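Tertiary structure, described
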Amino acid sequence: MTTEPLMLTDRAAELRHSFDLAFTQAAISRDTALQSYLAIRVGGDPFAIRLSDLSHLVADKACTPVPVSAPGLLGITALRSSIVVVYDLRVLLGYVANGTPRWILLTAADPTLGLAFDEFEGQRRVSQDAISYDTGSNSNHNNVMHDGDVMRPVIHIDGLIEQLRKN
Amino acid sequence: MVRGWTFGRGIAAGFAVVVALTVIVGIVSVISLQNAVSSKDRVIEHNSRALIDSQKMEALTSDKSSSARGFLLTADSKFVDEIGTHRQEFLATLQSLRDNLSRDEEKRLLQEIERDEMAHQQGVDAAIALRRTNASVTSVATSFNDNVVPLRNKLTASTGALIENQEQALTQAKIEANDAASTAAQVVTAMVILSIFAAGTLAFFLTRRLRRQIGTTVGEVQSSSAELQATANQQATGAKEQATAMNEISTTITELLATSRQIAESAQRVAQVAEQTAGAGRLGEDTVATAQASMVDIRRQVDLIVSHMLELGEKSQRIGAVLEIVSELAEQTNILAINSTIEAAGAGESGKRFAIVADEIRKLADRVADSTKEIRGLIEVVRSAVNTTVMATEIGSKAVDQGAQQFVDVRTSFEQIADLVTTTTEAAREIELSTKQQSTAVEQVNVAITSAAQATRETEASSGQTYQTATQLTELSKELQRLVESHANT
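Residues numbered from 1 in each chain as written. Chains lettered and ligands numbered in written order. Predicted model: local features only at pLDDT ≥ 70, side-chain atom pairs only at ≥ 80, totals over all residues. Heavy atoms only, no water.

With that settled, the discussion passes to the overall build of chain A. When helices and strands are counted, chain A shows three helices and eleven strands. Helices and strands appear in chain A in the N-to-C order α-β-β-β-β-β-α-β-β-β-β-β-β-α. Within the span of chain A, comprising 167 residues, buried residues form 39% of the whole. Surface summary for chain A: the accessible area is close to 9200 Å², and the carbon and sulfur share equals 53%. (Helix = DSSP H or I, 4+ residues; strand = E, 2+ residues; numbered from the N terminus. Buried < 20%, exposed > 50% of the residue type's maximum accessible area, 1.4 Å probe, protein only. Areas by Shrake-Rupley, 256 points an atom, 1.4 Å probe, with all protein chains shown as cover.)

In structure tokens:
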């Protein structure tokens, strides 16, 4: 415990230094070889979603239930002056819905479609080498992102949209 | 009525009859003896006296004659006095005879004597007178011989006749007295024989009646003796059994006494131990009180620690709240960065710089998130430690409370123990006292049992003696019955 305060002090200095360094360095181009992913958890399992498949991410948005029976349909909500139909990503991925999911993402393919999930772990920018193709996984997430020691199946948003439309 | 008479009454009646007969015999004997004595007395008093008086008169006649002769010879006047004296005495004797003699013949003889005496006196007086006349002695003597002497002789003859008569009367009286005595003897003898016969008859009937009664009574006595013998035997047997039981009781009492003494000793030891325990309890109370005070101090310190820890926990929560705000900001920043990246990607080339900024924001948000995660972790550690410490402190406080309560309970228990020990001590003392009293009572019971056993043994001995006495009585009654029956058979 005596070493913790020292590390925090170093961390504050490091943050300050990194922030200041970002302003002192020249504008550099973004490494377009890196891809951005959203690191989430659904039903406690790690998943990843390509940032390009999303149009918006929001948290703590209440959904109004609708008298329509559909698998995974949570209800509707208003986002960015639009009515968005929200589905439970846990149900769509085959998990048991336990509690109200906090996060809602809007798909890029259909901005009126929202997918709710449990937990948001952050954004990841990984290289293509970190993505592998898993032939044994679900069709909705047949790619896998290597996030350090965590293997995150990449959710195929378009496939989910197609599935929803068919239903 | 006679059949209902008792032995005493029958014997008394028999004796009464015998006494009555004896009295009758005695009365008859007395009467007969009195008659005989009277006869004898009469012979002695009357007849003999009369004879003596008669002989006295004869002697007086002679004396008077002698005195007359003496005067005639001497002319002494004293002879005249003597003559007078002799005559007075003669007349007195004559009167006495006249008073005592009652038969006609005797009265006739006395009258004759009286006449003769008077005549003789006249003659003597004449002779005296003659002498006084100074007549000659010869004439006086001749006159005396011619006149006085014949008168004297006649008087002497009549006196002699009287004497003879009295002698005959005396002889007759003797004969009559003897006859009376013989008659009395015969009567007494007859009465005695009669009494003996009556007594014998009475004795026979009384004996027979007594024998019958005695036989009946002896039979009852025999049966009673047999029953008494059986009872005495049972009593002896019972006394023996009672003596045996008394011995067992005495043994049991002795064991009980020993047990009571052991209990008294144990009670005394218990009382001593209780007193020691009470002393230890009091020491324990003091120790508990000291420990309780220490527990109170500990409790106070623990409460202080808890309050400080709770304060630390609150501050940790504030830090956590601040951290939540920072985390929220980081999250919103991250969301903003993501949305910015998305918008930048949608903006194409014109959004590349914004994408760079968004990326920096993302990095900053990630770093902040990482730091926030670390801090949250630390806060969680601190809060966990605080909670753990608080819980531990609470547990410790509860333990202290429990310990204090236990100390209170222990103190209460000590007090209860002290009270119980006191009660136990008192009870032990009471038990000791009661046991001592019980021992005393048991000892008294033992003494009483011993006395009862002694009395039982005496009763057994008495029963044995009673049995022997009953046996002897049975034998005696048998012997008596045998005697009564043998007498009846004879």
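Turning our eyes to something else, we now look at the interface of chain B and chain A. The extent of an interface is frequently quoted as the accessible surface area lost upon association of the parts. If you look at the interface, chain B gives 25 residues, while chain A gives 25 residues. Both faces considered, chain B and chain A share a buried interface measuring about 2100 Å² in area, 61% of it formed by carbon and sulfur atoms. Per-residue buried area on chain B facing chain A is highest for Ile-338, Ile-342 and Leu-378 of chain B; these three make up 23% of the total on that side. Where chain B packs against chain A, one counts four salt bridges. Linking chain B with chain A are four residue pairs in polar contact (both at pLDDT 80 or more), by the criterion used here. Of all elements in the fold, only α4 (137-347) and α5 (352-489) of chain B reach the threshold of two or more residues within the side of chain B that touches chain A. When residues of the side of chain B that touches chain A are assigned to their parent elements, the largest contribution, 15 residues, is made by α5 of chain B. The class makeup of the residues in the side of chain B that touches chain A is ten nonpolar, four polar and eleven charged. (Contact = heavy atoms within 4.5 Å. Buried area = accessible area lost by both parts, 1.4 Å probe. Salt bridge = Lys/Arg side-chain N within 4 Å of Asp/Glu carboxyl O. Polar contact = N/O pair within 3.5 Å; in protein donor to acceptor, adjacent residues only side chain to side chain. Nonpolar A, V, L, I, M, F, W, Y, C, P; charged D, E, K, R; others polar.)

Looking now at a nonpolar patch on the surface. Residue and element names in this part refer to chain B. The grouping of Ile-11, Phe-15, Val-19, Val-23, Ile-27 and Ile-31 at the surface amounts to a nonpolar patch, some 520 Å² of accessible area in total. Along the chain, Ile-31 falls in helix α1 (residues 7-74). The class of Ile-31 is partly exposed, set by a relative accessible area of 43%. (Patch = residues over 30% accessible without salt bridge, like charges linked within 9 Å, V, L, I, M, F, W, Y side chains within 5 Å.)

So, on to the nonpolar core. One finds Leu-38, Ile-40, Leu-89 and Phe-117 of chain A to be the most contacted residues of the largest nonpolar core, which totals 28 residues. Where this core is concerned, the elements lending two or more residues are β1 (35-42), β2 (45-50), β3 (54-59), α2 (89-92), β6 (103-107), β7 (113-117) and α3 (157-166) of chain A together with α4 of chain B. Looking at which element gives the most residues to this core, the answer is α3 of chain A, with four residues. Discounting residues that sit within four places of it in the chain, Leu-89 of chain A has contacts with Ile-40, Val-42, Ile-49, Leu-115, Ala-116, Phe-117, Ile-155 and Leu-160 of chain A. By size, the runner-up hydrophobic cluster in this structure holds 13 residues, among which are Phe-79, Ile-83, Ile-128 and Val-149 of chain B. (Core = buried A, V, L, I, M, F, W, Y, C linked by side-chain atoms within 4.5 Å.)

Residues and elements named next belong to chain B. Orientation of helix α3 (residues 104-132) relative to α4, taken along the N-to-C sense of each, is 160°, at an axis distance of 9 Å. Classed by the angle they form, the pair α3 and α4 counts as roughly antiparallel. Considering the relative orientation of α3 and α4, their crossing is left-handed. (Axes fitted to C-alpha atoms, helices over the stretch in contact; angles between N-to-C directions. Parallel < 35°, antiparallel > 145°, perpendicular 65-115°, else oblique. Left-handed = near helix turned anticlockwise from the far one by under 90°.)

With 29 residues, α3 of chain B extends 41 Å from end C-alpha to end C-alpha; this agrees with the ideal 42 Å at 1.5 Å per step. Immediately downstream of α3 of chain B, the backbone of Asn-134 of chain B shows phi near 65°, a positive value. (Expected span 1.5 Å × (residues − 1).)

Let us now look at the packing of aromatic side chains. Residues and elements named next belong to chain A. Following the criterion strictly, the structure yields four aromatic pairs over all chains and no others. Ring geometry for Trp-103 against Phe-117: centres 6.4 Å apart, planes inclined by 10°, an arrangement best described as stacked. You can see Trp-103 sitting in strand β6 and its partner Phe-117 sitting in strand β7, a full 14 residues away along the chain. For the pair shown, Trp-103 and Phe-117 are each scored as buried. Judged by centre distance (4.8 Å) and plane angle (50°), the rings of Trp-103 and Phe-120 are tilted. On the criterion of sequence distance, the pair formed by Trp-103 in strand β6 and Phe-120 in strand β8 (residues 119-126) is long-range, its members being 17 residues apart. Taken together, the ring pairs in this structure connect Trp-103, Phe-117 and Phe-120 into an aromatic cluster. (Phe/Tyr/Trp six-rings, centres within 6.5 Å; stacked < 30°, edge-to-face > 60°.)

Here the focus is the side chain of Arg-152 of chain A. Residues and elements named next belong to chain A. Note that Arg-152 resides in strand β11 (residues 150-155). On the accessibility criterion, Arg-152 (2% relative accessible area) is buried. A polar side-chain atom of Arg-152 sits 2.9 Å from the main-chain carbonyl oxygen of Ile-40. Within the local environment of Arg-152, its side chain forms a polar contact with the backbone oxygen of Phe-47, the two atoms lying 3.2 Å apart.

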